[in-house]
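A structural walkthrough
Listed below are the residues making up each chain.
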Amino acid sequence: MNRTTRLYALVEELRANAPRPVTVAALAARFEVSTRTAQRDLQALMESGVPVRTTPGRGGGWTIDPAMTLPPVHLTADEAAALTAALAAAGTGAPYAGTARAAHQKLTASMTGPASAAARTLAARIVALPAPTPSAVRAAVERAVAGNLVLGLQYVDAAGRGSERVVEPAGLLTAGGHWYLIAWCRARRSGRGFRLDRITAAAPTGEQAHPRDLAELLRGSVAAAAVQPLAPASPPARDTP
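This write-up is about the structure you can find in this document. (Residues numbered from 1 in each chain as written. Predicted model: local features only at pLDDT ≥ 70, side-chain atom pairs only at ≥ 80, totals over all residues. Heavy atoms only, no water.)

1. Comments concerning the environment of Val 141
Cut-off, in case you're wondering: Where helices and strands are cited, they refer to DSSP runs of H or I of at least four residues and of E of at least two residues respectively, numbered from the N terminus. Under the scheme applied here, a residue whose accessible area is under 20% of the maximum for its type counts as buried, over 50% as exposed, and between as partly exposed, the area being computed with a 1.4 Å probe on protein chains only. Whether two residues are in contact is decided by their heavy atoms: any pair within 4.5 Å suffices.
For Val 141, the position within the fold is in helix α7 (residues 135–147). Residue Val 141 is classed as buried on the basis of its relative accessible area, which comes to 3%. Remark: the alpha-carbon pair of Val 141 and Tyr 96, spanning 45 residues in sequence, is separated by 9.6 Å. Beyond its immediate sequence surroundings of up to four residues, Val 141 is in contact with Leu 151, Leu 172, Leu 181, Leu 196 and Ile 199.

See below:
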């Protein structure tokens, strides 16, 4: 078993035992490696952002938060290639590009043989031109949208006029090669679109925003016919006795 395969298997072993901790010695025996190698692998998972943690003392060991990870997903070769290409095309100026690149690396590392070669070839044929959005601005917008937080902006409009805004984010829109933050502007008391590369500074205020409906804010604008990506499917309902 190579190291990449073992790292994925370690995650699934911890998931299967969660919330009970598993000792390094038990994991080393399970994967037929030394305790030093198992410890190094667990540390690598932690440093890469996998929600594993260690509990010291008697009865302690390594655990994983099952709510923060996904179970194995079985993809066809075509699906994996399409996902790899789409993730690779996330330009450095696109929202959540850093997370997309991390997911791209994990996906390509898990693929082998002809499927891996096909995915890499397809990804190499797709190019994204980076948008000149400052990384600090993009990160602040990402946090505000994901956490539904009120956002303070410094914005320059198409005529070069600067202004300060306090907005309640509804979502993100891509059109004409640009990304827009769609939000309720408290100063204008209406929905507005703010082009990300015209936001010169942004900072979440920590205040929870009032939920805003993206479709409602887009209604009546040139983006009224915008098509949203498919939402994740809801898990099937379980029958209760």
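Structure's up, so let's keep going.
2. What about the side chain of Arg 6?
Along the chain, the position of Arg 6 falls in helix α1 (residues 3–17). Those residues in contact with Arg 6 that sit more than four places away from it in its chain are Met 1, Phe 31, Val 33, Thr 37 and Asp 41.

3. Focus: the packing of helix α4 (residues 77–88) against helix α5 (residues 97–110)
The test is simple: Angles shown run from 0 to 180 degrees and are taken between the N-to-C directions of axes, each axis being a line fitted to C-alpha atoms and, for helices, limited to the stretch in contact. Left-handed is the label given to a crossing in which the near helix is rotated counterclockwise from the far helix by less than a right angle, and right-handed is the label when the rotation is clockwise. Side-chain classes are defined by residue name, with Ala, Val, Leu, Ile, Met, Phe, Trp, Tyr, Cys and Pro counting as nonpolar, Asp, Glu, Lys and Arg as charged, and the others, Gly among them, as polar.
Packing of α4 against α5 leaves a shortest axis separation of 9 Å and a crossing angle of 145°. As for the relative orientation of α4 and α5, their crossing is left-handed in sense. On the side of α4, the interface is formed by Ala 80, Leu 83, Thr 84, Leu 87 and Ala 88, while α5 contributes Ala 100, Ala 103, His 104, Leu 107 and Thr 108. Its residues assigned to classes, the contact of α4 with α5 comprises 7 nonpolar, 3 polar and no charged.

4. Regarding the sheet that holds strand β3 (residues 149–156)
Note the threshold: Two strands pair if DSSP finds at least two bridges between them.
With antiparallel pairing, the 5 strands of this open sheet are ordered in space as β6-β5-β4-β3-β7. Two strands lie at the open edges of the sheet, namely β6 (190–195) and β7 (199–208), each paired on one side alone. Across the sheet, the mean angle from the axis of one strand to that of its neighbour is 45°, orientation sign disregarded. In the sheet, strand β5 (residues 178–185) pairs with β6 via 6 bridges, with the strands oriented antiparallel. Within β6, the residue paired with Ile 182 across the bridge is Gly 193. Against the sheet, α7 engages β3, β4 (162–175), β5 and β7, with an angle of about 30° to β7.

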